[in-house]
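Chain residues, written in single-letter form:
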Amino acid sequence: MRERIADLTGRMRDMAGRLVPAGWASSIDAAADLLIVPQDLRSTDLGLMSEISSGKLGLAGATATIDDVSPFDVSPPTHAWSEALHGFSWLSDLRAARTDAARRIARTLVLEWIGRDTRGIGLAWRPEVVARRLLSWLANGANLVDGLSPGEYDALLRSIVAQLAFLRAHRHEARAGDRRLIAELAILETALCLSGHEDEVRAALPLFLGELDRQIVSDGGHVSRHPGRPVAILLDLLPLRQCFVARNMTPPEGLVEAIRRMVPMIRYMRLGDGGIARFNGMGVTIPDVLGTVLAFDDAVGQDLESAPVSRYVRMQRRQAVVLVDVGTPPPVTVSGEAAAGCLSFEMSSGATLLVVNNGAPDEANRAWRLNARGTAAHSTLELNDSSSSLLVRQPDIVERLGVPGISEPSAVETRTRADEDGALELQASHNGYVDRYGMIHARTLRLSAQGDRLDGVDRVYETGRTTFGRTRRSLPFAIHFHFHPDAELRRPGEVGKAEIVLPSGEIWEMVAEGAALGIEESVFLARLSGPSRAAQIVLRGQANGEAEVRWRLARIHRPGRTA
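Here goes a summary of the coordinates provided. (Residues numbered from 1 in each chain as written. Predicted model: local features only at pLDDT ≥ 70, side-chain atom pairs only at ≥ 80, totals over all residues. Heavy atoms only, no water.)

Our next topic: the overall build of the protein. A tally of helices and strands in the protein yields 16 helices and 20 strands. On C-alpha atoms alone, the protein measures out to a radius of gyration of 26 Å, which is about the 24 Å that the 2.2 N^0.38 rule sets for 563 residues. C-alpha extents for the protein along the principal axes are approximately 80 × 50 × 50 Å. Burial status across the protein gives 56% buried among its 563 residues. The contacts of the protein with a sequence gap of at least 6 include a subset with a gap of at least 24, amounting to 69%. Of the accessible surface of the protein, which amounts to about 23300 Å², a share of 48% is contributed by carbon and sulfur atoms. Taken together, the 65 basic and 70 acidic charged side chains of the protein have centroids lying 2 Å from each other. (Helix = DSSP H or I, 4+ residues; strand = E, 2+ residues; numbered from the N terminus. Rg over C-alpha atoms; globule rule 2.2 N^0.38 Å. Buried < 20%, exposed > 50% of the residue type's maximum accessible area, 1.4 Å probe, protein only. Contact = heavy atoms within 4.5 Å. Areas by Shrake-Rupley, 256 points an atom, 1.4 Å probe, with all protein chains shown as cover. Lys, Arg positive; Asp, Glu negative; His and termini not counted. Charge placed at Lys NZ, Arg CZ, Asp CG, Glu CD.)

Shown next as structure tokens:
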């Protein structure tokens, strides 16, 4: 292993060549110095060093062989792998190894990258990749600088300043959404970390705060409605706040307030197992990452009561938590991960997940993503085998997002109330099927005061609005209830009834009227190990102008006693 690492280090150092790319040197101020190293809050992969020593490099769910070639010369297995390579977030994994060999490889790869004359061309110079690279180099600055010669250190600083200048000139090309926010953040943070860039800080601050205000809505959610996006953004916002403190500057109020709003929203979207509900692109919750963000909570005890802008409803009684998506899709320019899950819900009992959505897959299973965005992948009603949202495949949208966006429904009506007996009730409806079928989907959910029963009514009905040429016809519907893979579904022998056995020992029963109840295969995509086989209860029927299905999900057994 030592010989392989030594060979890799020597080979890459030989490749480094000229450290300052041609065309940059004459215009870059070499007087800058690295004043502070931002805190790195991201979790690390301690196995990366072992991978490299065996001639492999795994990034973004794909692996490339680098045994006899530089990682910058291999044919990238996926676009995401290449983006991750040039983003350099993996430097944190090498730093975590805490070995001289890992430090040498980190320095060598950075110097090699600097020595390649790419002149701002290609994926490595897309604004969002430049931004992530700058943030990664800064966060690992101490590890990189240690052992550099004066000439190498000068080359590193020249490259950072050059990339800052490039990003400042091309910031407008970053994709809308969190990538544009991170581009603005990287400009500001880099200027804070370098000496002699105080004017840059003053110029960058209002642009960053404006973008932050556009993306973090008033209840603390993200404009994309991705419930996990605030976690990822906070991993960058929190170190930025500390950079102001390290420079003896007061963190701007807009930054502080955004952080204060976001953390309660993250808590609002958690189920009983501690994970974030799987709506609109949310996949696996990484406990270490979530715990790191919540450790910085300045609003302990200040729970969010509602999310009127992000449009999620939280219903909690005793140990039961129900989270419901009651929103329209986000603006199409940030809808690349949004899903057709209107009125879908997830539910937990204690620390055990019960009803779930399929969730979003990771990069290694990207082929599942389009299906995961469909209505059938969510615990809600699907009409005529069609999703409640429409894919937007306009070339400019697909080019901007990399995937189709979504639109519809355009309106979601909601009403919540607390009954005298302590139960919580949500009434909601959406118009996602009106233009195609002239029908509304309405859903009522009622969570009992004891948290041991969820009653539901799903109804589809005609709007009374007529469309030329439309005649009434019978349309099939399916109401999906996806269950976590650890749950066991079984039929007790009675028509219209099913039992759900949880790993906690609890047993829940589902009964339904107005549709045929069946148990079917499902898949759960939000696991670190990849897609897992699961099961779902599906209530199927026909709507001839109108249909109503009443169902009940009730706990019938708790370990040690009967509910």
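Trp90, Leu94, Trp137, Phe208, Leu234, Leu237 and Met269 are the most contacted members of the largest nonpolar core, which totals 99 residues. Examining the composition of this core, we find that 10 residues originate from one element, helix 9 (residues 178-193), more than from any other. Those residues in contact with Trp90 that lie beyond four places of it in its chain are Leu48, Leu59, Ala84, Leu85 and Leu109. (Core = buried A, V, L, I, M, F, W, Y, C linked by side-chain atoms within 4.5 Å.)

Look at helix 11 (residues 229-246) against helix 12 (residues 253-268): their axes get within 10 Å of each other, and the N-to-C directions meet at 145°. The two elements helix 11 and helix 12 meet at a crossing, and its hand is left-handed. Residues Pro230, Val231, Ile233, Leu234, Leu237, Leu238, Leu240, Arg241 and Phe244 of helix 11 lie in contact with helix 12, whose contacting residues are Leu255, Ile259, Met262, Val263 and Ile266. Considering only residue class, the contact of helix 11 with helix 12 consists of 13 nonpolar, no polar and one charged. (Axes fitted to C-alpha atoms, helices over the stretch in contact; angles between N-to-C directions. Left-handed = near helix turned anticlockwise from the far one by under 90°. Nonpolar A, V, L, I, M, F, W, Y, C, P; charged D, E, K, R; others polar.)

A few words on the side chain of Ser195. With respect to the helices and strands, Ser195 occurs in the loop between helix 9 and helix 10 (198-215). A distance of 2.8 Å separates the side chain of Ser195 from the backbone nitrogen of Asp33, its partner in a polar contact. (Polar contact = N/O pair within 3.5 Å; in protein donor to acceptor, adjacent residues only side chain to side chain.)

Time to look at helix 9. Given a rise of 1.5 Å per residue, 16 residues ought to cover 22 Å, and the 22 Å separating the end C-alpha atoms of helix 9 matches this to within 8%. Summarising burial for helix 9: 13 of the 16 residues are buried, a large majority. (Expected span 1.5 Å × (residues − 1).)

The next subject is the sheet that holds strand 16 (residues 497-501). Through backbone hydrogen bonds, the strands of a sheet pair up, either in parallel or in antiparallel fashion. Strands sit in the order 10-11-12-13-20-17-16-15 across an open sheet of eight strands; the sheet is antiparallel. Either end of the sheet is taken by a strand with one partner, and the two such strands are strand 10 (412-418) and strand 15 (488-490). With direction set aside, neighbouring strand axes in the sheet form an average angle of 15°. Bridge count for strand 12 (residues 439-447) against strand 13 (residues 453-462) is nine bridges, and the pairing is antiparallel. When the sheet's bridge partners are listed, Ile440 is paired in strand 13 with Tyr461. (Pairing = 2+ DSSP bridges.)

This part covers the packing of aromatic side chains. The way to describe two aromatic rings as a pair is by their centre distance and the angle between their planes. Considering all chains together, one arrives at 12 aromatic pairs under this definition. Ring geometry for Phe72 and Phe88: centres 6.1 Å apart, planes at 35°, overall tilted. Taken together, the residues span a long stretch of sequence, with Phe72 in the loop between strand 2 (62-65) and helix 3 (79-87) and Phe88 in the loop between helix 3 and helix 4 (91-97) at a distance of 16 residues. Judged on exposure class, the residue Phe72 and its partner Phe88 are both buried. On the numbers, 6.1 Å between centres and 35° between planes, the contact of Tyr433 with Tyr437 is tilted. Here the two residues Tyr433 and Tyr437 agree in accessibility, since each one is buried. Of the aromatic side chains, those joined through ring pairs into one cluster are Phe72, Phe88, Trp90, Trp113, Trp125, Trp137 and Phe166. Sitting above the plane of the Tyr312 ring, Arg225 keeps its charged end 4.5 Å from the centroid. The residue whose ring lies beneath Arg459 is Tyr461, and the NZ or CZ to ring-centre distance is 4.3 Å. (Phe/Tyr/Trp six-rings, centres within 6.5 Å; stacked < 30°, edge-to-face > 60°. Lys NZ or Arg CZ within 6 Å of the ring centre and 35° of its normal.)

Moving on to empty space enclosed by the protein. For the structure on display, the rule yields six cavities of 30 Å³ or more. Forming the boundary of the largest cavity are 17 residues, of which Asp40, Arg42, Leu135, Ala139 and Asp236 lie nearest the centre. If you list the elements that add at least two residues to the lining of the largest cavity, you get helix 6 (127-139) and helix 11. Per-element tally for the lining of the largest cavity: the top contributor is helix 6, with four residues. Of the residues contributing to the lining of the largest cavity, the split by class is seven nonpolar, five polar and five charged. (1 Å grid on protein atoms, 1.4 Å probe; cavity = no way out; pocket = protein on both sides within 12 Å on 5 of 7 lines; lining within 4 Å. Points joined across faces, edges and corners; volume = space filled by probe spheres on them.)

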